[in-house]
Amino acid sequence: MRKLFITSVLLIALLGVAQAQNFDNILRDIEVNNASLRAQKSLGKAQRLNLRAGNMPDGPEAEYMHSWDRNSSATASELNITQGFDFPTAYIARRKAVLAQEEQLGHELNTFRQDILLEAKLLCIDIIALRQEYHLLEMRTANTRRMASALQKAMDKGEISTLEKNRGDIELANMQNQLGLKKIELESALERLQNLNGGKPVVLTDTLFSLPEEILPFEVMKQEYECRAPQLLSIMAEKKSAEAGLKASRSSALPGITVGYHHEINGEEKLNGIIVGISLPLWKSRREIKQAKVQIEYADARLESERVDRLSTLKELYGRYNTLKTTFEELVRIDLEQEPALHHITEAYHAGILNETDFLSEVNALYEVKGQRIAIERDLHKVVAQINALNL
């Protein structure tokens, strides 16, 4: 039993040596297979087609009129075919508005894509940490089971009381419960990752973390977010669309033109002619201009709010990164320094100074350090992933 205790502790001390795989292949698969992302892309295509259709002239109109006199056989017929056009500058202005709206749709899709891939990457990080935690719990459970067995034998010999033996059984039941719950948590995370991949299996076998990714200095990353963050770019495109919409509304205030063909039959007389008309959108254009101005004000307010929120979030992430990095480095140092302590605990156990219960208690303290290190390392990787989300 002593050898098993010692072997378990030494296995824990070896954690954190290997490198974890790159998640790029997994994220590429998810980008292709994710059902929500595919649906969003299809929706974007439909919205683009709808925007372009909105800048086309209305279809031609045909009108037929037939008149007769009840008191005679005289009849008259008219056929009018007309086509309406807005003032030419209106189409140019609306085209610019459509391009800005299409740009906005593209940034919205990029935002949605980035959120999906970031969720997947954070899940990958959680899965690696959960596997490490599960491995620790497996060893702790195995050690506790051997301790409970040793206590049972000691009670049978009359060396300890039933109460002390029951404490070992309770500790074993607690460890088995923690192990079972951790297994469920790990399986749930794997299932969520597979769901993000459209239900297709994901190959992620790693149990160890690599070194955290590098991050840019705060001021540099701040500028990167200003230039590349799809959330900000989407609102900028929305403002550009509103400004183009204002120009389009002003162009719509110009007269529309209607042209067409006229054919008339009155008895034996047949007449052909043309139709030319204008429309004056006096009231509609005013409402559209007012609406476009309000839309610009709304986009300005949203843009300012998003910038403030992004900066605040980025500051928080960098603050957490610095704290977690310092804590992680300290836990690594403690991890290395606790090896002599393990040696002394083992010697005390061999000398009979520590019994199984005391030895397990001392060893569990080393497990706690490992558990804290896993949790901090996981949080550190997740913060780095959030900071570097622009690179997804």
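The model shown is predicted, which means the values in this text are computed figures rather than measured ones.

The next point concerns the overall build of the protein chain. A count of helices and strands for the protein chain gives 9 helices and 4 strands. Going residue by residue from the N terminus, the α and β elements of the protein chain occur as α-α-α-β-β-α-α-α-α-β-β-α-α. For 392 residues, the compact-globule formula gives about 21 Å, and the C-alpha radius of gyration of the protein chain, at 37 Å, lies well above that figure. For the protein chain, buried positions account for 39% of its 392 residues. Sequence-distant contacts in the protein chain: of pairs separated by 6 or more residues, those separated by 24 or more amount to 82%. One way to put it: in the protein chain the 49 positive side-chain charges average out to a point 2 Å from where the 55 negative ones average out.

A word on the sheet that holds strand β3 (residues 256-266). Adjacent strands of a sheet pair through backbone hydrogen bonds, lying either parallel or antiparallel. Reading across from one edge, β1-β2-β3-β4 is the order of the 4 strands in this open sheet, with antiparallel pairing throughout. Every other strand in the sheet has two partners, leaving β1 (61-68) and β4 (269-279) as the edge strands with one partner each. Within this sheet the neighbouring strands show an average axis-to-axis angle of 15 degrees, counted without direction. Both β3 and β4 contribute to a ladder of 11 bridges, which runs antiparallel. Paired with G256 across the strands is S279, a residue of β4.

We now examine a nonpolar patch on the surface. On the surface, F85, I257, V259, I274 and V276 cluster together to form a nonpolar patch covering roughly 460 Å² of accessible area. Listing elements by their share of the nonpolar patch, those giving two or more residues are β3 and β4. Checked against the element boundaries, V259 lands in strand β3. Judged by relative accessible area, V259 falls into the partly exposed class, the value being 35%.

A word on the confidence of the model for the protein chain. Of the residues in the protein chain, 92% have a pLDDT of 70 or more, and the chain-wide mean is 84. Mean pLDDT in the protein chain bottoms out at helix α1 (residues 2-13), which sits at 39, and peaks at helix α2 (residues 24-33), which reaches 93. Of the regions scoring below 50 in pLDDT, residues 1-21 engages in 53 contacts with residues more than four places distant in sequence or in other chains.

Of the volumes computed, that of the second largest pocket is approximately 460 Å³. Along the wall of the second largest pocket there are 23 residues; nearest its centre are N22, F23, D24, K121 and E213. Secondary-structure elements contributing two or more residues to the lining of the second largest pocket are α2, α4 (88-156) and α9 (356-387). Within the lining of the second largest pocket, the residues separate by chemical class into 11 nonpolar, 6 polar and 6 charged.

Attention shifts here to the environment of R192. Structurally, R192 can be placed in helix α5 (residues 162-196). Placed 69 residues apart in sequence, R192 and L123 show a C-alpha to C-alpha distance of 8.0 Å.

Turning our attention to α4. Its 69 residues place the ends of α4 101 Å apart at the C-alpha level, agreeing with the 102 Å of an ideal helix rising 1.5 Å per residue. Immediately beyond the C-terminal end of α4, within one or two residues, lies G158, with a positive phi of roughly 80 degrees.

Summed over the entire model, instances satisfying the criterion amount to 18 salt bridges. In this structure, E133 engages R378 in a salt bridge whose closest nitrogen and oxygen atoms are separated by 3.3 Å. Here E133, found in helix α4, pairs with R378, found in helix α9; they are 245 residues apart in sequence, far enough to count as distant. Measuring nitrogen to oxygen at the nearest pair gives 3.2 Å for the salt bridge that ties E368 to R140. Highlighted residues: E368 in helix α9 and R140 in helix α4, separated in sequence by 228 residues. Look at R140 and you get buried, because its relative accessible area is 13%. Within the structure, one salt-bridge network assembled from shared partners comprises E133, K182, E185, R378 and D379.

Here we come to the pairing of β3. The side chains of a regular strand alternate, first on one face of the sheet and then on the other. Across 10 bridges, the pairing between strand β2 (residues 75-85) and β3 is antiparallel. Counterpart to F85 in the pairing with β3 is I257. Linking β3 back to β4 in an antiparallel pair, the connection comprises 2 residues, with G267 at a positive phi of about 70 degrees.

Conventions adopted
Residues numbered from 1 in each chain as written. Predicted model: local features only at pLDDT ≥ 70, side-chain atom pairs only at ≥ 80, totals over all residues. Heavy atoms only, no water. Helix = DSSP H or I, 4+ residues; strand = E, 2+ residues; numbered from the N terminus. Rg over C-alpha atoms; globule rule 2.2 N^0.38 Å. Buried < 20%, exposed > 50% of the residue type's maximum accessible area, 1.4 Å probe, protein only. Contact = heavy atoms within 4.5 Å. Lys, Arg positive; Asp, Glu negative; His and termini not counted. Charge placed at Lys NZ, Arg CZ, Asp CG, Glu CD. Pairing = 2+ DSSP bridges. Axes fitted to C-alpha atoms, helices over the stretch in contact; angles between N-to-C directions. Patch = residues over 30% accessible without salt bridge, like charges linked within 9 Å, V, L, I, M, F, W, Y side chains within 5 Å. Areas by Shrake-Rupley, 256 points an atom, 1.4 Å probe, with all protein chains shown as cover. Salt bridge = Lys/Arg side-chain N within 4 Å of Asp/Glu carboxyl O. pLDDT = per-residue confidence, 0-100. 1 Å grid on protein atoms, 1.4 Å probe; cavity = no way out; pocket = protein on both sides within 12 Å on 5 of 7 lines; lining within 4 Å. Points joined across faces, edges and corners; volume = space filled by probe spheres on them. Nonpolar A, V, L, I, M, F, W, Y, C, P; charged D, E, K, R; others polar. Expected span 1.5 Å × (residues − 1).

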